[in-house]
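Summary of structural features
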Amino acid sequence: MKTYLVRRLLLVGPVLLGVSVVVFMVLHLSPGDPAEIMLGPQATKEDLERLRTELGLTEPLPVQYARWLGHVVQGDLGRSLWMKRPVLGEVLGRFQATLILTGTALLLSTVGGIALGVASATRPNSLLDRLSAVASLFGVSMPVFWLGIVLMVIFALWLGWLPASGMYSPYGGGDLRDLLAHLALPAVTLAAASVTIVARLTRSTMLETLGQDYIRTARAKGVVERLVVLRHGLRNALIPIVTVVGVQAGYLLGGAVLTETVFAWPGVGTLMVQGILARDFPLVQGCVLVVALCFVLVNLAVDALYAWLDPRIRLE
Amino acid sequence: MSLGVATVSREPQPALAGRAADLQRSARRLAGRNRLAVAALVVLVAAVVAAVLAPHLPLQDPDAVETTNRLKPPLSPGHLLGTDEFGRDLLARLVWGSRVSLLAGAASAAAAMVAGVVLGLLSGFYTGWAETLIMRATDILMAFPYILLAIAIVAGLGPGLRNAMIAIAIVGLPLYIRLVRSVVLSLREREFVEAARALGATDTLILGRHVLPHLVSPVIVAFSLDVGTKILATAGLSFLGLGTQPPTADWGSMLATGRQFVVFRPHVVLLPGLAIFVIVLALNLVGDALRDLLDPRTRAQA
């Protein structure tokens, strides 16, 4: 187990290096000149030239990349052009909100999806099974931001059950109840498509597993049906489910940008969109880098889970 | 050349005419079973025809501002689906917006498909630096969450429909590269490829004549499902203000601008969203049916 994890950890290095190259290149693909953006349209040629030299923009790209990476490794992601503050602090300050949102959505889609999938697999072609098939088709066809707006209109604006936007109430809020009330709509919106995907995959894997000989054996031995389904069936169906949950984590981290924008959730997504529209490249870079790093770590965790679930993998 | 004939016949491909008739038969059988997919196909064809013929349809000018007729509800006189915040006819805007949304989705999926198939063929057929380079680049693309990378690329290139399409195409590459590569890897070791090589066929001939035909079905299925994903992604970027720029509108940007009026006039948001939903749903239904049709395993059961 340990050697497997160490080997897997060693692979993270090159991927992170590649990610950093992409993030760096994205900034330097841009037609806009950071010096021009910082000084505004009235700047003189001499001023621009001086700032460019100061920022190191006149040096060759590999040199710029190496220096940038050196700073990043030390936790210095540069200063936001727009807010004039260090990027890392801004991004981390918002990252907690994004983690709460995506984490809740991931929990909803994993628990809800597996439960729904197991229920459909044990009663194929039942009403529940058919409804979940329709829901999964709808889930992958629906724009997440549209679903968010529709839910917001119904539950916040018409029925008034839940707050429409933000993370805490401006007055008198701030406790866990307040947070959960604000979290409900965005988390459900974000999780909606994933729940159905996890449910469908769980159903098909479970159906396959439940058709195996050892399930028949377990039943013949007189094992209680609930234990047959959960311990003999689900346990062995978990590997593909974990894979799809890992994929969903990436989908949720990306989809969070759209959901956050709909619900004015103060996360990295809204920060990044503001940064793009303000052409604040260090800020955008920082946001992308932190979210991508988080996704790499999620994938690592998924691989570790595989090894834990299936001894054949860790002995390879 | 008698050996050449032997190689061809060893390839598991029935004669073309027989195959077409076979497909036709299973298409008819599937259509009988799957009325939903046929309905979806009808919806898709109608949408494409409307988009293509938009300039010739009896529609109002999608950009004509009528300040006296702002935010009219659907079924208002003269405006079947109502008007938006500038009094522009929503039906006309939806149809004209479909030109942008459908084209953006199809074009970015097509670009990703063509580039992905070429890269997938190369990385599957040749071992060595090309394979290493392509596969490592794919790994890195996949280390980013899908939409996030598209947003990052648009941030670099600058907002706009063309840049949004480029970004979405790049992000979609790994799907095709990995699909094609996995098929090519298994074909590479098969006897008919070995035989063709023994007969002195060049790599281009082997790839084009013996490998490519096997890719048609899986790639068509992936493409038909991918267009829907791409339409959703472009709409998402437009919703964030990173795709189409005003006055051009697609369904995503119509939704974004309608948001502030949603409480009093929900239709300005509901209609464009419904349009995206119906089209993507139809694409998914047709894509699933195509998979059933083209995948011999499901065809045997049908």
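Quick note: structure is the one above.
What you are looking at is a predicted structure, and each value in this text was computed from that prediction instead of being measured.

1. Here we look at the overall build of chain A
Along its length, chain A carries 13 helices and 0 strands. If one aligns the C-alpha atoms of chain A with their principal axes, the spans along those axes are about 85 × 55 × 35 Å. Within the span of chain A, comprising 316 residues, buried residues form 39% of the whole. The contacts of chain A with a sequence gap of at least 6 include a subset with a gap of at least 24, amounting to 72%.

2. Side note on the packing of helix α7 (residues 144-158) of chain A against helix α10 (residues 225-263) of chain A
All names here are of chain A. The contact between α7 and α10 brings their axes to 9 Å, and the two run at 30°. By the criterion of interaxial angle, the relationship of α7 to α10 is roughly parallel. Read as a crossing pair, α7 and α10 show a hand that is right-handed. Counted together, Val144, Phe145, Gly148, Ile149 and Met152 of α7 and Gly255, Leu258, Thr259, Val262 and Phe263 of α10 form the full contact between these two elements.

3. Some thoughts on unusual backbone geometry
Leave glycine aside and you will find that most residues have negative phi; peptide bonds, for their part, are mostly trans. Residues and elements named next belong to chain A. Its identity is not glycine, yet Asn125 carries a phi of approximately 65°, on the positive side. Of note, Asn125 is situated in the loop between α5 (87-122) and α6 (127-141). On the basis of neighbour counts, which here come to 9 C-beta atoms within 10 Å, the residue Asn125 falls in the exposed class. The backbone phi angle of Ala264 is positive, close to 50°, even though this residue is not glycine.

4. Describing the packing of helix α4 (residues 90-125) of chain B against helix α7 (residues 161-188) of chain B
Residues and elements named next belong to chain B. Two elements in contact, α4 and α7, have axes separated by 5 Å at closest approach and are oriented at 35°. Where α4 crosses over α7, the handedness of that crossing is right-handed. Across the contact of α4 with α7, the residue classes tally to 24 nonpolar, 6 polar and 2 charged.

Definitions and limits used
- Residues numbered from 1 in each chain as written.
- Chains lettered and ligands numbered in written order.
- Predicted model: local features only at pLDDT ≥ 70, side-chain atom pairs only at ≥ 80, totals over all residues.
- Helix = DSSP H or I, 4+ residues; strand = E, 2+ residues; numbered from the N terminus.
- Buried ≥ 20, exposed ≤ 12 C-beta atoms within 10 Å, placed from the backbone.
- Contact = placed C-beta atoms within 7 Å.
- Axes fitted to C-alpha atoms, helices over the stretch in contact; angles between N-to-C directions.
- Parallel < 35°, antiparallel > 145°, perpendicular 65-115°, else oblique.
- Left-handed = near helix turned anticlockwise from the far one by under 90°.
- Nonpolar A, V, L, I, M, F, W, Y, C, P; charged D, E, K, R; others polar.

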